[in-house]
Amino acid sequence: MTHPLVIVGTGLAGYNLAREFRKLDSQTPLVLITADDGRSYSKPMLSTGFSKNKDADGLSMAEPGQMAEQLNAEIHTHTRITSIEPELNRLWMGDVCLTYRDLVLALGAEVIRLPIAGEATDRVFSVNDLEDYARFREALEGKQKVLLLGAGLIGCEFANDLMLGGYQVELVAPSDQVMPGLIHPAAAAAVQGALEKMGARFHLGRVLASLKKDGAGLEAELSDGSRIACDLVLSAVGLRPRIELAAHAELSVNRGIVVDRLLKTSHNNIYALGDCAEVDGINLLYVMPLMACVRALAQTLSGNNTEVKYGPMPVTVKTPACPLVVAMPAANAEGNWRVEGQDADIKAVFHGLDEAVLGYVLTGTCVLEKAALNRQLPAVLA
Ligand SMILES: Cc1cc2nc3c(=O)[nH]c(=O)nc-3n(C[C@H](O)[C@H](O)[C@H](O)COP(=O)(O)OP(=O)(O)OC[C@H]3O[C@@H](n4cnc5c(N)ncnc54)[C@H](O)[C@@H]3O)c2cc1C
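Since the structure is predicted, the reported quantities are computational estimates derived from the model, not experimental observations.

Enquirer: Tell me about the site of the ligand, residues and numbers included.
Expert: Neighbouring the ligand are 32 residues, the closest being K43, I81, D275, V287 and K318. Interatomic distance of 2.7 Å between a side-chain N/O atom of D275 and an oxygen atom of the ligand. Here Y286 contributes a backbone N or O atom positioned 3.4 Å from an oxygen atom of the ligand. Taken by itself the ligand offers 1,000 Å² of open surface, and the protein chains cover 92% of this.

Now the structure itself:
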């Protein structure tokens, strides 16, 4: 009996890997298992749903039944993997056991939840999959004002999207700029200014201390004692790779599940990719690196060992109020930022000690320069 290739997770990593694998191997039994409803969707669309006026059904691209047919696969939805026994090639879903030929972990990342005082914490939402998005949209019906926790990339995208959808937005974040650690302060000021022009109010350098009910609405008290009235809270304070399953199975983990360039974990026939994986020391929570991993791993799983390579990895942030593209220099890169432009149009380029371009942040009309800069960027994983 041939044991199946088992992929855990049906996000962009899981489904795209299944698709690529099927192009190379139409015979090996394929099983996909997911804790969610298994609908195929593009997660980046979750932060453009209000401006495009799309509900969760509108963002769904295929039902799991259609995916199973397309992929010639078995798909188990609303099914959680509870443990893995690497030495026996077995995994457990509660008390149901499955033996695999190879196992791929495409578990994604989970939202970080901050402890919040007060009796209204059931009104704090986060959006990290289609089902979260459906719940949030439903709760927002008839409401006007959203308090956003976090001013990172996803918080700013949601702020822009909600305002385009007609909602009022206030953002609270402990940092002193938007997207700290990701973009240069000059670019951060451009993004913040553009969102403020649309009506957003920022409360930086502060955190939410407590959340109480106030009539039909809510009253948020911030760490400096100030109070904000709102209808709902959307928390976008960050994501953490899902590593617990792998850690319990004694696979090597760090920030993500540790894999080499073959996407292989510390155990021979267990692989990982997508948001949960730390590939050769790098954990990137974006689509472009994930797709490079998909192509390489599909080859490896079909018998043609292929190491993944990452070229330059610029990220386009979906803040149409202030177009923004960023290519972060490597964490250990030595050099200096050079900043040109003003107001909404900022070009910040990070030059290495030898003058080479190692990273950049472009806002406003300066995003037109991205193609020229991309040609100069080094590969992230050569
Ligand atoms: C709002 C938002 C906007 C974004 N915008 C962009 C963008 O513009 N550009 C970009 O490059 N990136 C963007 N990203 C990031 C990008 O979407 C992710 O990197 C990518 O979707 C991750 O895919 P994944 O398959 O690794 O994880 P996920 O899509 O999270 O899938 C994880 C899967 O694992 C399953 N799972 C988890 N644990 C278990 C378990 N124990 N048992 C069974 N199943 C389990 C889940 O049910 C799910 O099916 C955005 C992210 C968000 C949240």
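Enquirer: For the packing of aromatic side chains, give the residues involved together with the corresponding values.
Expert: Tallied over the full model, the rule gives 5 aromatic pairs. The interplanar angle of 65° and the centroid separation of 5.9 Å between the aromatic rings of F50 and Y133 together place this pair among those described as edge-to-face. A residue pair is termed long-range when its members are at least 10 positions apart, and F50 in the loop between β2 (30-33) and α2 (56-59) and Y133 in helix α4 (residues 130-140) qualify at 83 residues. Overall, Y133 belongs to the buried group, its relative accessible area being 0%. Ring centres of F50 and Y167 lie 5.6 Å apart, and the angle between their planes is 80°; on these two criteria the pair is classed as edge-to-face. A residue pair is termed long-range when its members are at least 10 positions apart, and F50 in the loop between β2 and α2 and Y167 in the loop between α5 (153-164) and β11 (168-173) qualify at 117 residues. One aromatic cluster in this structure is built from F50, F125, Y133, F136 and Y167. Sitting over the face of the ring of F50, R137 holds its NZ or CZ atom 4.7 Å from the ring centroid.

Enquirer: So what's going on with the sheet that holds strand β9 (residues 124-125)? Residues and values would help.
Expert: Strand order in the open sheet made by the 5 strands is β9-β16-β10-β11-β12, with parallel pairing throughout. The open sheet terminates on both sides in strands that have one partner only, identified here as β9 and β12 (201-204). Summarising the sheet, β11 and β12 pair through 4 bridges and their orientation is parallel. Counted as the bridge partner of A173 is L204 from β12.

Enquirer: An account of α5 is requested, with residue identities and associated values reported.
Expert: Under the 1.5 Å per step criterion, the end-to-end length of α5 is 17 Å for 12 residues, consistent within 8% with the ideal 16 Å. Across the 12 residues that make up α5, a large majority, 10, are buried. Within α5, burial applies to L153, G155, C156, E157, F158, A159, N160, D161, L162 and M163. After α5 finishes, the residue G166 shows a positive phi value of roughly 100°.

Enquirer: Explain the environment of G65 residue by residue, including any values.
Expert: Structurally, G65 is set in helix α3 (residues 64-71). When the C-alpha atoms of G65 and I75 are compared, they prove to be 7.8 Å apart, with 10 residues separating the residues in sequence.

Enquirer: Pulling in residues and values, what's your account of the sheet that holds strand β13 (residues 208-214)?
Expert: Overall, antiparallel pairing links the 3 strands, which are arranged β13-β14-β15 in an open sheet. Each of the sheet's edge strands pairs with one partner strand only, and the pair in question is β13 and β15 (227-230). With direction set aside, neighbouring strand axes in the sheet form an average angle of 25°. The pairing of β13 with strand β14 (residues 217-222) spans 6 bridges and is antiparallel. By the bridge assignment for β14, S210 is matched with E221.

What counts, and where the lines are drawn
- Residues numbered from 1 in each chain as written.
- Predicted model: local features only at pLDDT ≥ 70, side-chain atom pairs only at ≥ 80, totals over all residues.
- Heavy atoms only, no water.
- Near = heavy atom within 4 Å.
- Polar contact = N/O pair within 3.5 Å; in protein donor to acceptor, adjacent residues only side chain to side chain.
- Areas by Shrake-Rupley, 256 points an atom, 1.4 Å probe, with all protein chains shown as cover.
- Phe/Tyr/Trp six-rings, centres within 6.5 Å; stacked < 30°, edge-to-face > 60°.
- Helix = DSSP H or I, 4+ residues; strand = E, 2+ residues; numbered from the N terminus.
- Buried < 20%, exposed > 50% of the residue type's maximum accessible area, 1.4 Å probe, protein only.
- Lys NZ or Arg CZ within 6 Å of the ring centre and 35° of its normal.
- Pairing = 2+ DSSP bridges.
- Expected span 1.5 Å × (residues − 1).
- Axes fitted to C-alpha atoms, helices over the stretch in contact; angles between N-to-C directions.

Just distances and angles here, no functional claims.
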